[in-house]
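# Analysis of the macromolecular model
Below are the chains, spelled out letter by letter.
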Amino acid sequence: WSNRSASTAAVTPTGATSQTLLANASTWSYYFDNVTPVGAGWNQPSFNAASWRTGAAPLGWGTGPITTNIDVPAGQTRTLTSYFKRSFAVSSPDDFSTYTLTTRADDGIVVYVNGVEVGRSNMPTGAVTAGTYALSAPNTTTALATPVVLTIPKSVLVAGANSISVEVHSNYRGTPSTSMDLSIAASS
């Protein structure tokens, strides 16, 4: 799997350089299946997600802007967790001082870069499994209004292709909506 987005560079009014490494509305590989669990090590860079479906973000179902509907057919029981994976390119981690990831918790989210957890929101502490419930059930409007902003440590980045893996957890199986979109920006 290799879903890469084009990088864009801009100079801010203060003269500092910034670059979008992963834009919102990018294409992701995703896995949402209540029959077969996701494979072990799914969040590691070496995991092959070629058998997963792909779609443009925002991915999910229900209210809010959804580009790719990942919901199960009517009458089927949803699993609690959906999984998303793609890559993004970094020329050299030392090119920028800050790497900022912006996403949403709809309902809960855990984010990994190159297999290392870089943050979570609306999730319990400790180990997380496919059966872990999000702590609450914000609707999509609330999730969009209160973005989750995480700093990616430079120490987890590599020159070249980097893997980003996201798991989104529902607060209950019958939740009317869930969604995922994410962007990454680098700045000096």
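Anything mentioned here points back to the structure above.
Residue numbers restart at each chain and count upward from 1, following the sequence in its written direction. With pLDDT at 70 or above as the cut-off, local features in this predicted model cover only qualifying residues; side-chain atom pairs require 80 or more to be listed or tallied, and sums for whole chains, interfaces and linings still use all residues. To obtain the side-chain values, all non-hydrogen atoms of the structure were included, while hydrogens and water were left out.

### Things to note about the overall build of the protein chain
Our working rule: Secondary structure elements are taken from DSSP: a helix is a run of H or I of four residues or more, a strand is a run of E of two residues or more, and numbering for both begins at the N terminus. Exposure categories follow from relative accessible area, calculated using a 1.4 Å probe and restricted to protein chains: below 20% of the type maximum is buried, above 50% is exposed, and the middle band is partly exposed. Here, two residues are considered to be in contact whenever any of their heavy atoms come within 4.5 Å of each other. Areas reported here follow the Shrake-Rupley algorithm with a probe of radius 1.4 Å; residue values treat only the protein chains shown as occluding. Asp and Glu are treated as the negative residues and Lys and Arg as the positive ones, with His and the ends of the chain left uncounted. In plain terms, the charge of a residue is placed at NZ if it is Lys, CZ if Arg, CG if Asp and CD if Glu.
Check the secondary structure of the protein chain and you find one helix and 14 strands. Along the first, second and third principal axes, the C-alpha atoms of the protein chain reach 55 × 35 × 30 Å. When burial is assessed residue by residue, the protein chain has 46% of its 188 residues classed as buried. Contacts spanning at least 24 positions in sequence make up 77% of the contacts within the protein chain whose residues lie at least 6 apart. Surface accessibility of the protein chain: about 8,300 Å² in total, with carbon and sulfur atoms responsible for 54%. Both charge centroids of the protein chain, one from 9 positive and one from 9 negative side chains, sit 3 Å from each other.

### Structural notes on empty space enclosed by the protein
What counts, and what does not: For each structure, a 1 Å grid was placed over the protein atoms alone; sets of points admitting a 1.4 Å probe that cannot get out are labelled cavities, open sets with protein on both sides within 12 Å along at least five of seven lines are labelled pockets, and lining residues have an atom within 4 Å of a point. Grid points are joined across faces, edges and corners, and a volume is the space filled by probe spheres set on the points. As a working rule, the residues Ala, Val, Leu, Ile, Met, Phe, Trp, Tyr, Cys and Pro are called nonpolar, Asp, Glu, Lys and Arg charged, and the rest polar, with Gly in that last group.
Here the structure, examined in full by the defined rule, presents one cavity of 30 Å³ or more. Here the largest cavity defines a volume of roughly 30 Å³. Looking at the largest cavity, the residues that line it are Gln 19, Leu 21, Ala 89, Val 90, Ser 91, Ser 92, Asp 95, Phe 96 and Tyr 99. Secondary-structure elements contributing two or more residues to the lining of the largest cavity are β2 (17-22) and β7 (81-90). Residue composition of the lining of the largest cavity, by class: five nonpolar, three polar and one charged.

### A short note on the sheet that holds strand β9 (residues 108-113)
Note the cut-off: Strand pairing follows a simple DSSP-based rule, namely that at least 2 bridges must link the two strands. Lines fitted to C-alpha atoms define the axes here, with helix axes fitted over just the stretch in contact, and angles between the N-to-C directions of these axes take values from 0 to 180 degrees.
An order of β4-β3-β7-β12-β9-β10 is seen for the six strands of this open sheet, with the pairing classed as antiparallel. Sheet topology places β4 (53-56) and β10 (116-121) at the edges, where each strand pairs with a single neighbour. Between one strand axis and the next, the sheet turns by 25 degrees as a mean value, whatever way the strands run.

### With respect to the nonpolar core
The tendency in soluble globular proteins is for nonpolar side chains to be buried as a group. The condition that has to hold: Residue types Ala, Val, Leu, Ile, Met, Phe, Trp, Tyr and Cys, when buried and joined through side-chain atoms within 4.5 Å, form a set referred to as a nonpolar core.
With 33 residues, the main nonpolar core has Trp 28, Ile 164, Val 166 and Leu 182 as its most contacted residues. With near-sequence residues (within four places) excluded, Leu 182 lies in contact with Leu 22, Ala 23, Asn 24, Trp 28, Leu 101, Thr 102, Thr 103, Val 111, Ile 164 and Val 166. Judged by nonpolar contacts, the second largest core, of eleven residues, contains Val 38, Ala 49, Trp 52 and Tyr 112.

By themselves, these figures tell us nothing about what the structure is for.
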